[in-house]
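As a plain string of letters, each chain reads:
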Amino acid sequence: MTDATGTVTRVPGLLYGGDYNPEQWPEEVWAEDVKLMREAGVTMVTLGVFAWARIQPGPEEWDFGWLDGLLEQLHAHGVAVDLATATASPPAWLVRSHPELLPVTADGVRLEFGSRQHYCPSSPVYRAAAVRLARALAERYGKHPAVALWHVHNEYGDHVTECFCAESAAHFRRWLGERYGGIEALNSAWGTGFWSQHYRSLGEVEPPRTAPGPVNPTQALDWRRFCSDALLECYRAEKAVLDELAPGTPVTTNFMSMFKALDYWAWAAEEDVVSDDAYPDPADPDAHVHAAMNYDLMRSLKGGAPWLLLEQAPSAVSWRPVNVPKRPGLQRLWSLQAVARGADAVMYFQWRASRAGAEKHHSALLPHRGTDSRGWRETVRFGAELRRLAPVAGGRSTAQVAIVLDWENWWALELEDHPSARMRWLDLLRPWYAALHRSGTAVDFVPPTAELDGYRVVLAPNLYLLRERTAQRLAGYAAGGGHLVCGPFSGVVDEHDHIHLGGYPAPLRETLGVVVDEFWPLPEGAATRLSLADGRQLSATRWTEWLEPHGAEAVARYDEGPLAGLPAVTRRGTAWYLGCDLGPQVAVVLGEILRTAGVTPVLAAPEGVEATVRRSPGGAEHLFLLNHTDRPIVVTLPAEWTTANDLLAPDRVPGPALTLGPLDVAVLHR
Amino acid sequence: MTDATGTVTRVPGLLYGGDYNPEQWPEEVWAEDVKLMREAGVTMVTLGVFAWARIQPGPEEWDFGWLDGLLEQLHAHGVAVDLATATASPPAWLVRSHPELLPVTADGVRLEFGSRQHYCPSSPVYRAAAVRLARALAERYGKHPAVALWHVHNEYGDHVTECFCAESAAHFRRWLGERYGGIEALNSAWGTGFWSQHYRSLGEVEPPRTAPGPVNPTQALDWRRFCSDALLECYRAEKAVLDELAPGTPVTTNFMSMFKALDYWAWAAEEDVVSDDAYPDPADPDAHVHAAMNYDLMRSLKGGAPWLLLEQAPSAVSWRPVNVPKRPGLQRLWSLQAVARGADAVMYFQWRASRAGAEKHHSALLPHRGTDSRGWRETVRFGAELRRLAPVAGGRSTAQVAIVLDWENWWALELEDHPSARMRWLDLLRPWYAALHRSGTAVDFVPPTAELDGYRVVLAPNLYLLRERTAQRLAGYAAGGGHLVCGPFSGVVDEHDHIHLGGYPAPLRETLGVVVDEFWPLPEGAATRLSLADGRQLSATRWTEWLEPHGAEAVARYDEGPLAGLPAVTRRGTAWYLGCDLGPQVAVVLGEILRTAGVTPVLAAPEGVEATVRRSPGGAEHLFLLNHTDRPIVVTLPAEWTTANDLLAPDRVPGPALTLGPLDVAVLHR
Amino acid sequence: MTDATGTVTRVPGLLYGGDYNPEQWPEEVWAEDVKLMREAGVTMVTLGVFAWARIQPGPEEWDFGWLDGLLEQLHAHGVAVDLATATASPPAWLVRSHPELLPVTADGVRLEFGSRQHYCPSSPVYRAAAVRLARALAERYGKHPAVALWHVHNEYGDHVTECFCAESAAHFRRWLGERYGGIEALNSAWGTGFWSQHYRSLGEVEPPRTAPGPVNPTQALDWRRFCSDALLECYRAEKAVLDELAPGTPVTTNFMSMFKALDYWAWAAEEDVVSDDAYPDPADPDAHVHAAMNYDLMRSLKGGAPWLLLEQAPSAVSWRPVNVPKRPGLQRLWSLQAVARGADAVMYFQWRASRAGAEKHHSALLPHRGTDSRGWRETVRFGAELRRLAPVAGGRSTAQVAIVLDWENWWALELEDHPSARMRWLDLLRPWYAALHRSGTAVDFVPPTAELDGYRVVLAPNLYLLRERTAQRLAGYAAGGGHLVCGPFSGVVDEHDHIHLGGYPAPLRETLGVVVDEFWPLPEGAATRLSLADGRQLSATRWTEWLEPHGAEAVARYDEGPLAGLPAVTRRGTAWYLGCDLGPQVAVVLGEILRTAGVTPVLAAPEGVEATVRRSPGGAEHLFLLNHTDRPIVVTLPAEWTTANDLLAPDRVPGPALTLGPLDVAVLHR
């Protein structure tokens, strides 16, 4: 429900605010909260995320009075509400009367109340109670003018992504029944001829609980699919109630960036707007690159539509072993990075720092120290600054490059008993993304079912699991002149995790013009040198392959070891294959390919400067320039831009170049 | 029941002996044991620690005959008995008829019989059986002349410090009921507004079993309090029986040095004499510093009264991954170190090395090799030497410096989801203690409720949890001219683990003249340079803070990083704040403070030499000089001491200096 | 049932083939399989290992038709069958109707179906079902001409070596009852006087489930004995059926090299022929040394009789974290190494690479790529080469040196709470074996009950647990002039894990002429220098001892540390004692001893070349020369050999020396 004016909610401009948990505080604090929100320029708060016990203190008791009043007050002061359905944390009374709704681990341990997310996704009791709560809220506030957004549950899959209880087992069997129809289709898909695992009926099937050795991999893969689906059913049930009772108000559930357990392509399709909780680690020098990647994913999940940064930390979080704060300037920079990459909201966990509980050491817009604190001054300052960026809201970006991201491939790639347990999706993806980021190249993520024709280059850092129809799509893309780049250990299995026989990467063998005779993983610490045709030397770690060209030319060859002389990187027409893991050096190869494909960067920005462009439906364009370093950097602008129109620094001297201070940002308008 | 003559039992001089477990041996060995004890000068043995199954072979069977005889024989040969109540290891018959008394882990695993300490501290069955056994022993031996000390149970909290069974849960609820009165007080204390954790009744509360994510921190903190109390109840029940039936004989239970799970301040208050089991690691070059710290704690637990070293190893233990023996001279040195720091007993685990069982590779006074062994010769030699130190018994030491040790702070500090999981009590405390130790400064430990006026300096390496009344006491101390030194991450929460709002360290903000705007923990490997006013450079690791002076002056400032220019160490009058972790370099800052406060060391001893003084009630003084190095060291004595009166070396040439050989000890008398 | 002609089955020459799992494939593939087996020269396949669910699809359903046909077809094409009883993986229908047969961990977790080896070894239901299946197969195929070998179960002890369920507990009690007769004998053996562990009846005893602290070590030792025996009972029950119904056909079960959980001396005694599954790691530079050791064990298990290499990988496996393939030449070299050390079969897991399931990434004779692959070409080439080695079949080797291997010592040595947890059997053994291997010295493994007179040197790298009768045997051997070499930490406990009192190594003290006063383990990273009499310096790591000579002379003494000047290595007559762990430097000491004892190597081969001799019953001899390096090496032959008769290279120029290419092998015949 992204409306044509470029805002995803009824609230104009970029949303600013955070999670507001008044139930943690005495009522006398609430009035001060609203007053301070005005002072800070807060335009939206997320309300009620963990308020189930407060709203429904007992099975048949409801307490809406406090919410009525708060909504009234917030509305009166111009603060819109993202109203949560509060279903992530069932109250003690529900758990104690239905202990069977607590989740169970693979070892059979039933997890206890006292934390959060303590529910079995398949529990009918939990589901009924959650929907009942959502319905009660929607009936009361479905048309309340303060409510600009509905927030279903909270971070589905946080802590608990799977439950192994008997109820979950029965649900899994129903799900398998729908997927496979009969038991022999399951036996065939799961390859139960192996290790005497044949089932005579669905009733014999259980979840992949802890077993003596490795469990059936297809069972494990289906379990991942099921777990994503089981949680999605929970979401759908709440969403249906909201659609019915609060028509016209957009609905979201907050994602957790690039999160393995949930297939966000499927999830995003059921949201009105995508929202994300993003927690880059200030102690990680590459945090902004990983963040950019996650934001590009969020932007891509609904085809480029603006998304909402619903949660981030103003400074430190509290759940890492060591929680380093954001040094001055960093929270502004990282917030604007999200906007630069498509966010129409900059929101935080949380409004007021908790006094008690497991997250009291998490930073907040209003710190423990109160308003006489650096944190609060920053909250006010940044709120004001963000208002200047209102014209950016609704703007979209375009990209010439796409990266294929397929959750079922991620799940399959990381199953047990593979040639190397070191082949992890994020480890493979990140160097490819980083190469694009460093070169200033805009990129979209696409699902394996995407239409690819609009892209000059399509990157598939890994496609271990490759369905025939995906392979055909990729082959067709390359055949049509598209530049296709496949990473190692691809084209190995089909959707049932069955090997594509006849030589990997079987379904793309023709397109790529290569056959992999054998995978040649490298242990920790090992590396193999290789050379490009022009003599430049690179080094492969983690993974190599005994690769034979069948129509492709060698772009690089190994210089040493058992693979000496064999191709490491190949090209057939516009189809490239990288048969090894080059780590950060993949930038060299990708750089060549991007040049060949004629891909143009957003801006030839100096190292350390990130550049993006957002274009409003109305035609306005904004160039974001972000300096991720601690030193000033001079950026020379393309002819079509001028420093004169920096929304953040209206008083800049006009000219063809500008100096970005450490961690500083410019947002040029035209 | 420390009597005025300076001995804690009826046995004169320093106690010498060890755990005696005759039930592991055929009776024919016992006579040899007693003969050899005489040869070694043993004056006391601890009897019956693991003899429950021997004393009570069945529910209604009792076998005291062997004990009768042994007590008789020991008494006849002048060996006093520390008689154990034997309740640490319930017999198989009891466990099998009441499997519910076995302890249960947080994951729900009921631990099996076959080791020791296999009981739920809350089990009424276990408690009744233990008290019944203690009563039977006390009825029989309460007035036996051989019994000079009662030894309740063994090392409470070893292996099992907590049980998560239903009985423990019910006990926890009763304990909470007494603590909070009503459920809303609990809800308020636990901050159950957070994460929808509100309870409607105590019946809904359970122990903090394994949960999906972090559990409620106040629940976890109360659980620690409860677990210490639950075990203390077990102790109290046995003690009451002994007080009734064996009046006049002191009662102890052996502690385990500075042990997190039990609040030894509360425990020591219920003992007649404090006793300790100490196992410094010969492979640790700082072992003697850690040992000194533990001994100072034991000395402090009952206001400076002599304590008993009830267990130590003659050489190697058997429960470390690698158990390095004590090189020649080390066991003598370390034994005398305990005496130097207030011990009136030097006892060992165990008398005769076990032939079978889990501790057979633990060294003993009488080794497997028998009397033709280095170990036995050392046992005899040291027994003779110890007799010369009889005048030392009962002596006390004084200190100008106190360290605040608060168990509930220890527990709170190490809860989950803190700014840094690297902030551990022992890691913070040890460098501070080591600085004092190296400078020869005597120190007492004090509880947060202590009277502080007698000390020139009070050190609080950490007070994360700081009750208002403790803060007031510390503030009053500083206001009265006392030198107060607070370490980082202090004054953060109250007794419910709720944040002291308004800027840390809120309740000491005025006294210290600082406000902490934000905690700035450092990851492993990171360090931040800082400079003292005189230009000396130090380095902070693990922890720094964004610290703002409000009345304090900067003693040191950061030289680099986001905190550059901010104060790292401050002083307001006689109140110092160290806002960072300086590791061993804290010695530089503490050294300045001690000088400022006019603290005088026991002796300006060369590095590697430890010096203490014990003063007898009768006025005699003993100066202990211990050389912890492997080289000879010359020690120059203060004017009031002379080398002529070395109890251990009566033939020393009199003079103002003496040469201590490697690992050697002198005990000067005046 | 090794027959006099030198072949262990009715199949002439060396067996070649692998596990054949047709149940994983559609029937149309089977005909191609048989055709390709002929092409590759396959002479035997192992059939049915995981076919239980296929053979017996339901409790009363049997499907033999497919097996009938396959046996027919294989027989018709000259491929013999090693027929498995298929009992390692009970079908789902059996598990679901009898969930109590699933194994239970020490924590009480019942392991789930979906992997393999999911059975409790003590389960009467499992046992009855397994024997019923074996009987059905034996009744049908007991006299089938295709069946040349019976293969009971698969890799007993893989994944599950122990079960802690109630049924296992009852079985353990029965086993204990048989071992000890009455409960007081058990109490005495287990030393239950320690820690109040006395049992009044067997009914009170349970398996060593997870307990609060360390469990009774003798209980743990008996548990290991019981677990080996419990699985052996399973084997015996199936074997009895085969002996009854398939007389004359040899029976085996495939071992897993030097495997801790099973006492292979006891197991081998119940086999007709020993077989092994060997998976040396191509990423380990010492893999061939470890492999040689395992093969020598297999050769030794039935007194030198040829054994069968039933499983190895053609290239990479799939169950290591990183599975490095075999570089070209390595699988040939390592296969021939097995033959060189007594194997009469070179077989593989598996024939055709699986398309699905947990082992699909495991290499196979017929790779996923099919016949147009390096792997398949190698399969065909090596099959042809192996036929040339037919004369080798049945040959035996002799050795002048024996190593004592005692499983109960292995178990006891690695119990908890020892002086050092770093003293592990394989870590102690491997440097000793490597020294022999490097010097070209042939070696047998012998059980502690072996007749030793035929050996010049007997090595005991460790005998922590030393029964009196073993000690007497060793003492007698040394007294008779045999050269006995004992490693450190030996002679410490008896069969009940009770200390041999009076000074270790008590039962060998006289023979060795030493007393160990105290064990002196070294932590990780520590080392102690020592010198031989001739001045050569060595270094001890991991372990030293305070050793006193009582009749022995010092061969080496410590140069530093607390043991400086004490003997590190001693000799009394022909009895040596190594009181420390010298790591690879043990080769220096063992080299001296071998020289002293007049032991002659097979061949004074250059470093990197392995040499063995096999002698056929008919008198023919074969000298194997294996180059384990990647460079060519010239080997000079002893006078009695000539290069002219290389079975693998019939066209070699005759002469006194030959050049072995990288990874190449020569097999000289005379």
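Please refer to the structure higher up on the page.
Calculation rules
Residues numbered from 1 in each chain as written. Chains lettered and ligands numbered in written order. Predicted model: local features only at pLDDT ≥ 70, side-chain atom pairs only at ≥ 80, totals over all residues. Heavy atoms only, no water. Helix = DSSP H or I, 4+ residues; strand = E, 2+ residues; numbered from the N terminus. Rg over C-alpha atoms; globule rule 2.2 N^0.38 Å. Buried < 20%, exposed > 50% of the residue type's maximum accessible area, 1.4 Å probe, protein only. Contact = heavy atoms within 4.5 Å. Pairing = 2+ DSSP bridges. Least-squares fit on C-alpha atoms with pLDDT ≥ 70 in both. Axes fitted to C-alpha atoms, helices over the stretch in contact; angles between N-to-C directions. Parallel < 35°, antiparallel > 145°, perpendicular 65-115°, else oblique. Left-handed = near helix turned anticlockwise from the far one by under 90°. Nonpolar A, V, L, I, M, F, W, Y, C, P; charged D, E, K, R; others polar. Salt bridge = Lys/Arg side-chain N within 4 Å of Asp/Glu carboxyl O. Phe/Tyr/Trp six-rings, centres within 6.5 Å; stacked < 30°, edge-to-face > 60°. Expected span 1.5 Å × (residues − 1). Buried area = accessible area lost by both parts, 1.4 Å probe.

For the rest of this paragraph, the subject is the overall build of chain A. Across its full length, chain A carries 17 helices and 25 strands. Relative to a compact globule of 670 residues, whose C-alpha radius of gyration would be 26 Å, chain A shows 26 Å and is just as compact. Taken along its principal axes, the extent of the C-alpha atoms in chain A is 75 × 75 × 45 Å. The 670 residues of chain A split such that 68% are buried.

Below, the discussion takes up the side chain of Thr511(A). Residues and elements named next belong to chain A. Residue placement: Thr511 occurs in helix α16 (residues 509-512). On the basis of relative accessibility, which here comes to 17%, the residue Thr511 falls in the buried class. Those residues in contact with Thr511 that sit more than four places away from it in its chain are Ala475, Ala478, Leu484, Arg572 and Ala575.

What follows deals with the pairing of strand β3 (residues 80-84) of chain C. All names here are of chain C. Counting buried residues in β3 gives five out of five residues, a clear majority hidden from the surface. Alternating positions in β3 separate into two faces, Ala80, Asp82 and Ala84 on one and Val81 and Leu83 on the other, with burial throughout. Bridge analysis of strand β2 (residues 44-47) against β3 gives four bridges, and the strand direction is parallel. Paired with Leu47 across the strands is Leu83, a residue of β3. Of the pairings in the sheet, the one linking β3 to strand β4 (residues 147-151) comprises four bridges and is parallel in character.

Attention now goes to the relation of the copies chain A and chain B. The transformation that overlays chain A on chain B combines an axial shift of 0.0 Å with a rotation of 120°, and the residual RMSD is 0.1 Å. Such a turn and shift between the copies fits a three-fold axis.

Moving on: the packing of helix α10 (residues 287-301) of chain C against helix α11 (residues 330-340) of chain C. When two helices pack together, their arrangement is given by the angle between their axes and by how far apart the axes lie. Residues and elements named next belong to chain C. Following both chains from N to C, one finds α10 and α11 inclined at 30°, their axes separated by 9 Å at the closest point. Between α10 and α11, the angle falls in the class roughly parallel. Classified by chirality, the crossing of α11 by α10 is right-handed. Across the interface between the two elements, Ala287, His288, Ala291, Ala292 and Tyr295 of α10 pack against Trp334, Gln337 and Ala338 of α11. When its residues are assigned to classes, the contact of α10 with α11 shows six nonpolar, two polar and no charged.

This part is about the sheet that holds strand β13 (residues 483-486) of chain C. Residues and elements named next belong to chain C. Taken in spatial order, the nine strands line up as β11-β10-β12-β13-β20-β19-β18-β15-β16 in an open sheet, and their pairing is mixed. The open sheet terminates on both sides in strands that have one partner only, identified here as β11 (443-446) and β16 (537-541). Put simply, the sheet's adjacent strands are angled 20° from each other on average, direction ignored. Of the strand pairs in this sheet, strand β18 (residues 553-558) and strand β19 (residues 567-572) are connected by four bridges, and their pairing is antiparallel. Within β19, the residue paired with Ala556 across the bridge is Val569.

Quick look at the pattern of salt bridges now. Enumeration according to the criterion identifies 156 salt bridges over all chains in this entry. Notably, a salt bridge pairs Glu61(C) with Arg200(A), separated by 3.4 Å at the nearest N-O pair. Highlighted residues: Glu61(C) in the loop between α2 (52-55) and α3 (65-76) and Arg200(A) in the loop between α7 (183-190) and α8 (217-245), drawn from two different chains.

Residues and elements named next belong to chain B. Applying the stated criterion across every chain yields a total of 111 aromatic pairs over all chains. Relative to Trp543, the ring of Phe519 has its centre 5.3 Å away and its plane inclined at 45°; by these criteria the two rings are tilted. Linking Phe519 in strand β14 (residues 514-521) with Trp543 in strand β17 (residues 543-549), this pair joins segments that are 24 residues apart in sequence. Here the two residues Phe519 and Trp543 agree in accessibility, since each one is buried.

Residue and element names in this part refer to chain A. Most of helix α11 (residues 330-340) sits out of view: 11 of its 11 residues are buried. Inspection of α11 places Leu330, Gln331, Arg332, Leu333, Trp334, Ser335, Leu336, Gln337, Ala338, Val339 and Ala340 among the buried residues, and these make up the whole buried set. Gly342 lies just past α11 and shows a positive phi near 110°.

Right, let's get into helix α14 (residues 425-438) of chain A. Residues spaced three or four apart along an α-helix face the same direction, because each turn holds 3.6 residues. Residues and elements named next belong to chain A. An ideal rise of 1.5 Å per residue puts 20 Å on 14 residues; α14 measures up with 20 Å between its terminal C-alpha atoms. Counting buried positions along α14 yields 10 of 14 residues, so the element is predominantly enclosed. Listing the buried residues of α14 in full gives Trp425, Leu428, Leu429, Pro431, Trp432, Tyr433, Ala434, Ala435, Leu436 and His437. Just downstream of α14, Gly440 is the residue with a positive phi angle, here 75°.

Contacts between chain A and chain B engage 55 residues on the former and 53 residues on the latter. Buried area between chain A and chain B, both sides added, is near 4,400 Å², and the carbon and sulfur share of it is 58%. Its largest share of buried area at the contact with chain B, chain A owes to His361(A), Arg369(A) and Arg374(A), together 17% of the area lost on that side. Across the chain A-chain B interface, the total number found is seven salt bridges. Only α2 (52-55) and α4 (92-97) of chain A provide two or more residues apiece to the side of chain A that touches chain B. Counting residues per element, the side of chain A that touches chain B draws most heavily on α4(A), which supplies three residues.

The interface is formed by 54 residues belonging to chain A together with 55 residues belonging to chain C. Together chain A and chain C conceal approximately 4,400 Å² of surface at their shared face, both sides included; 59% is due to carbon and sulfur atoms. Taken together, the connections running from chain A to chain C amount to seven salt bridges. Here Asp517(A) and Arg374(C) are joined by a salt bridge, their closest N and O atoms 3.0 Å apart. Contributing elements (two or more residues each) for the side of chain A that touches chain C: α8, β14 (514-521) and β17 (543-549) of chain A. Examining the composition of the side of chain A that touches chain C, we find that seven residues originate from one element, β14(A), more than from any other. Looking at side-chain class alone, the side of chain A that touches chain C contains 28 nonpolar, 15 polar and 11 charged residues.

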